[in-house]
Amino acid sequence: MSSLLDHDVETLPGIGPRSAAILKSRGHESVGDLLWLLPKRYLDQRHPTPIHELEAGEYVVVEGRVRSARRFPRGRHMGFEVRIESELPVDSQEGYQEGYQELKLVWFRAVPGLTRRFEVGATVRVAGQVNDYRGVATIAHPETLAAESEGEIEPRYPDIPGLKRKSLRKAVRAAVDRAAHQVPDLIPEAQRVSRGLGRVGQALRSIHVPTDETVDAGPGAAHPAQQRLALEELVLWELALRMRRAKEPAGAARAFEADPHVSIARNAFAFDLTAAQLAAVDALGRSLNSEDPMRCLLQGDVGCGKTAVALVACAQVVAGGAQAAFLAPTELLAEQHAMSLRPVAERLGIRLGVFTGTLSKHERRSMLDRMSTGAVDLIVGTHALLSGDIRFSSLGLLVVDEQHRFGVAQRLVLGVRDARHQPHLLVMTATPIPRSLALVLYSGLDLVVIDAKPPGRLPPKTVRVTRRDRAKVYRQIERALEAGGRVFIVCPAISESDGIVGVDAVAAEMGSRFGEDVVGTIHGRLGGDERRTTMRAFADGDIKVLVGTTVVEVGVDVPSANLIVVEQADRFGLAQLHQLRGRVGRDGQRSACLLTHPVPLTPEAETRLQALCETDDGFKLAEADLALRGPGHLFGYRQSGASGLRFADLGDVALLSAASEIAGEILAEDPLLSRPENARAAAAVARWERFAAVREEAG
Ligand code: ADP
Ligand code: MG
């Protein structure tokens, strides 16, 4: 059946061959494609915003009387500046005193006809984004609106160069009228009915053809039609996640007996495992003792001791005669893990191998050899370990550290070459994820949580300091050093530029203050050898102040570190700051975290830094972060586009669980999405997979 959706965009009114080519170059090939080109906003001309109610950052329609207009020189051209004031009588304006009194409009280039349109005394109507420029509400290059369009709500589509705004609007409208009713639903009818959901086509129509209610329902995501699209998208996402799991090569894993090796491993550490760690060890032990390949996500706050738990799991597998691989996200971390695991491994008779990019050709060959012949039991390395030609003699367990994108880890498992068995997979998150979210995102996986930290830990005292107050920073460093500790200083960049503080400058500053020989630097531009030497010198105390970038972020473990200074902390995300803070206070000693920042802060940065000062609970911070920024950053996706999610806000847990349920029901009926009515879902999942692969490689 030929569908109107498949018709070429050129069949739409106002779209000739040239416009069609432009649309197609942007992926809008068919009438159906154009339906998914959604307005970025509505221009609501029914009630313009009064000037005293303007707020910086908003996109508004404003009406007013021209109070003054002047031209001013701007480079080789003339700019134009207009001030408009409200036409309303002052006493009818509630809140007039507090708000802006006038609005400045500026053009930095010559635009014909402006002087005529903006004559003093004339009533004008403009639209644009309001900025606060030194206390004055300002719109740069506003759009001038015709007075007769009063009362209209106009969908505004993203600008497409070469295409007239009006033609695009007309074409989309025609597409809606012709074909919106034909858009197939991903969610089967029975489920739509039982959940009281409308059709996707209907939702699309009400977004493109806004009514008073559409607009008054508030900004984007809150609107029912947006919610409907978001649900559609999340169902797709869930289907993709679940199918990815199902697509793993069939085959059994080896079962590994838990006792008595587990109890031996428990005694291999210099400390007693906490009750929370033991519970996790038991849960993993049971999963490993099964031929069902384990797919487990181990969650726990920074410093809760995930490494020890993972090592016990490795020991269980090695005791059963197989190998375990332990992957870290960076060379630095891999080396550190190797360093801290070595004594424990030795005690347990586990033969440890390290595989990183810094091995010489010869070392590399010999390590590959030992891996493939089984002459090494536990291999620590980076993800490079699973690339190319690497073979294990018998890999029983793959541990992936500091990774919350499960898809990444799953891909790694697919790269394992072991003909006989599937390895078990243990993924450890870098950052806690709110449980509600984790349950949905990782549905179908085992979720093990370590919910307590080793005893005797004092949470680092977290304090904010303005960037200017260096005396306070110096004082804290002195105090930390006097207590025999070590200090991390983290900067947002390696070299200073555009007001961003760099490692070089801060290292010089600290060197002149505390002595050059006790200050070291660490960042991604240094070679592996240099980094290793520096880290060791820092651990040994030859270096006492280590200035670096966020390479110290994940996992770095120097127990005597008792102070971390984060320069321009407002430039870091909440999860990242919590990770950084987790680098200190690991030894039960008193520790502190100083967050330097400029003033004033944006409200969002203010909330972030404040949250950090108030709690040391990573799960609580994760909830706060989710509320502040949505989960995109958790998965390394930027806000829009790249997330692959256009409509959905992963913070909406209720919507997520609905999507998860629906996806589960669809797959229960049709596990491979092979039925004709699920053809669209199958195609969409395939497309999503391709994008996801690209994103994950990029991330
Ligand atoms: P994370 O969960 O962040 O990866 P680590 O595994 O690096 O945490 O552990 C943090 C620190 O706590 C390490 O120095 C480790 O040796 C120590 N540690 C782990 N478990 C315990 C415990 N049960 N008692 C005391 N210290 C512990
Ligand atoms: Mg760790």
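To be clear, the structure that these remarks concern was listed above.
Because the structure is a prediction, the values reported are computed rather than measured. (Residues numbered from 1 in each chain as written. Chains lettered and ligands numbered in written order. Predicted model: local features only at pLDDT ≥ 70, side-chain atom pairs only at ≥ 80, totals over all residues. Heavy atoms only, no water.)

S.K.: Sorry, what's going on with the environment of K472 here?
M.R.: Positionally, K472 belongs in helix α16 (residues 470-482). On a C-alpha basis, the gap between K472 and L594 in space is 9.6 Å, while along the polypeptide they are 122 residues apart. Setting aside chain neighbours within four positions, we find K472 in contact with V463 and V465. (Helix = DSSP H or I, 4+ residues; strand = E, 2+ residues; numbered from the N terminus. Contact = heavy atoms within 4.5 Å.)

S.K.: Looking at this structure, how should I read the pattern of salt bridges?
M.R.: Where charged atoms of side chains with opposite charge meet at close range, the side chains can pair. Enumeration according to the criterion identifies 36 salt bridges in this entry. A salt bridge links D185 to R228, with the nearest nitrogen and oxygen atoms 3.0 Å apart. Within this pair, whereas D185 is found in the loop between α4 (165-179) and α5 (189-195), its partner R228 is found in helix α8 (residues 224-247), the two being separated by 43 residues in sequence. R228 carries the same exposure label as D185, and that label is buried. (Salt bridge = Lys/Arg side-chain N within 4 Å of Asp/Glu carboxyl O. Buried < 20%, exposed > 50% of the residue type's maximum accessible area, 1.4 Å probe, protein only.)

S.K.: How should I be thinking about the sheet that holds strand β5 (residues 123-129) in this particular structure?
M.R.: Within a beta sheet, neighbouring strands are joined by backbone hydrogen bonds and run either parallel or antiparallel to one another. Spatially, β6-β7-β4-β3-β2-β5-β8 is the arrangement adopted by the seven strands of the open sheet, whose pairing is mixed. With one partner strand each, in any of the chains shown, β6 (131-133) and β8 (143-144) form the two edges of the open sheet. Strand direction decides the pairing type here: β6 and strand β7 (residues 136-140), joined by three bridges, are antiparallel. Note on β7: the bridge partner recorded for Y133 is V136. (Pairing = 2+ DSSP bridges.)

S.K.: What is the right way to read the environment of D33 from this model?
M.R.: On the secondary structure map, D33 appears in helix α2 (residues 31-35). Among all residues touching D33, those that are not within four sequence positions of it are G27 and H28.

S.K.: Where do I start with the packing of helix α12 (residues 331-348) against helix α18 (residues 528-540) in this structure?
M.R.: The angle between the axes and the distance between the axes are what describe a pair of packed helices. At their nearest, the axes of α12 and α18 sit 10 Å apart, and the two run at 50° to each other. With respect to α18, the axis of α12 lies oblique. At the point where α12 passes α18, the crossing takes the right-handed sense. In this structure, α12 contributes E331, L332, E335 and M339 to the contact, and α18 contributes R531, R532, M535 and R536. Class assignment of the residues belonging to the contact of α12 with α18 gives a composition of three nonpolar, no polar and five charged. (Axes fitted to C-alpha atoms, helices over the stretch in contact; angles between N-to-C directions. Parallel < 35°, antiparallel > 145°, perpendicular 65-115°, else oblique. Left-handed = near helix turned anticlockwise from the far one by under 90°. Nonpolar A, V, L, I, M, F, W, Y, C, P; charged D, E, K, R; others polar.)

S.K.: What's the story with the side chain of D401 in this structure? I'm lost.
M.R.: Along the chain, D401 falls in the loop between β14 (395-400) and α14 (406-414). Buried within the structure, D401 lacks any salt-bridge partner; its nearest side chain of opposite charge belongs to K306, at an N-O separation of 6.2 Å. Within polar-contact distance, the side chain of D401 engages the side chain of H337 at 2.7 Å. Setting aside chain neighbours within four positions, we find D401 in contact with F326, L327, A328, P329, H337 and M428. (Lys, Arg positive; Asp, Glu negative; His and termini not counted. Polar contact = N/O pair within 3.5 Å; in protein donor to acceptor, adjacent residues only side chain to side chain.)

S.K.: What am I meant to see in α18 here?
M.R.: In an α-helix, one turn spans 3.6 residues; hence positions three or four apart end up facing the same way. For α18, with 13 residues, the first-to-last C-alpha span of 18 Å sits near the 18 Å given by 1.5 Å per residue. Regarding α18, the residues found buried are G528, R531, T534, M535, A537 and F538. Its buried side turned inward, α18 meets α12, β18 (486-490), β19 (519-522) and β20 (545-548). Phi turns positive, to about 95°, at G541, one or two residues after α18. (Expected span 1.5 Å × (residues − 1).)

S.K.: Mind showing me how you'd approach the pairing of strand β12 (residues 352-355) here?
M.R.: Note on strand geometry: in a regular strand, side chains alternate between the two faces of the sheet. Burial of the side chains of β12 extends over both faces: L352 and V354 are buried on one face and G353 and F355 on the other. Here β12 runs beside strand β13 (residues 378-382); their pairing, made up of four bridges, is parallel. Of the residues in β13, the one forming a bridge with F355 is G381. Considered for its hand, the β-α-β crossover made up of β12, helix α13 (residues 361-373) and β13 is right-handed. (Right-handed = clockwise from strand over helix to strand, strands pointing away.)

S.K.: Explanation requested: the site of ligand 1 in the structure shown.
M.R.: Neighbouring residues of ligand 1: 16 residues in total, closest D272, Q277, G303, T307 and R457. Backbone polar atom of G303 to an oxygen atom of ligand 1: 2.6 Å apart, as the coordinates give it. A distance of 2.6 Å is found between an oxygen atom of ligand 1 and a side-chain nitrogen or oxygen belonging to T307. Considered class by class, the residues forming the shell around ligand 1 number five nonpolar, five polar and six charged. (Near = heavy atom within 4 Å.)

S.K.: What should I look at first to understand unusual backbone geometry in this one?
M.R.: Negative phi values dominate among residues other than glycine, just as trans dominates among peptide bonds. At the junction of V599 and P600, the peptide bond is cis and its omega measures out at -5° in the coordinates. Tracing the backbone shows P600 in the loop between β22 (592-597) and α20 (603-614). At R134, a position not held by glycine, the phi torsion is positive, near 50°. When you line up the elements, R134 lands in the loop between β6 and β7. Of note in the backbone geometry, D498 takes a positive phi value of approximately 45° without being a glycine. Mapped onto the fold, D498 is located in the loop between β18 and α17 (503-514). D498 sits in the exposed class, given a relative accessible area of 76%.

S.K.: Explanation requested: the pairing of β22 in the structure shown.
M.R.: Taking burial as the measure, the six residues of β22 include six buried ones, the bulk of the element. In β22, alternate side chains face the same way, and those of A592, L594 and T596 on one face and C593, L595 and H597 on the other are all buried. Pairing of strand β17 (residues 461-466) with β22 involves six bridges; the strand directions are parallel. Counted as the bridge partner of K461 is A592 from β22. Bridge count between strand β21 (residues 561-566) and β22: four bridges; the pairing is parallel. The residue bridging L563 from the neighbouring strand is A592, located in β22. Following the backbone out of β21, through helix α19 (residues 574-581) and into the adjacent parallel β22, one traces a crossover that is right-handed.

S.K.: Teacher, can you tell me more about the packing of aromatic side chains here?
M.R.: Note on aromatic pairs: each is described by the distance of the centres and the angle between the planes. Across all of its chains, the model carries six aromatic pairs by this definition. Between the aromatic rings of Y474 and F514, the centroid separation amounts to 6.3 Å while the plane-to-plane angle is 70°, which identifies the pairing as edge-to-face. Placement of the pair is Y474 in helix α16 and F514 in helix α17, with a sequence separation of 40 residues. Residue Y474 shares its accessibility class with F514, and that shared class is buried. Chaining the aromatic ring pairs together yields one cluster made of F80, W107 and F118. Sitting over the face of the ring of Y59, R41 holds its NZ or CZ atom 3.4 Å from the ring centroid. (Phe/Tyr/Trp six-rings, centres within 6.5 Å; stacked < 30°, edge-to-face > 60°. Lys NZ or Arg CZ within 6 Å of the ring centre and 35° of its normal.)

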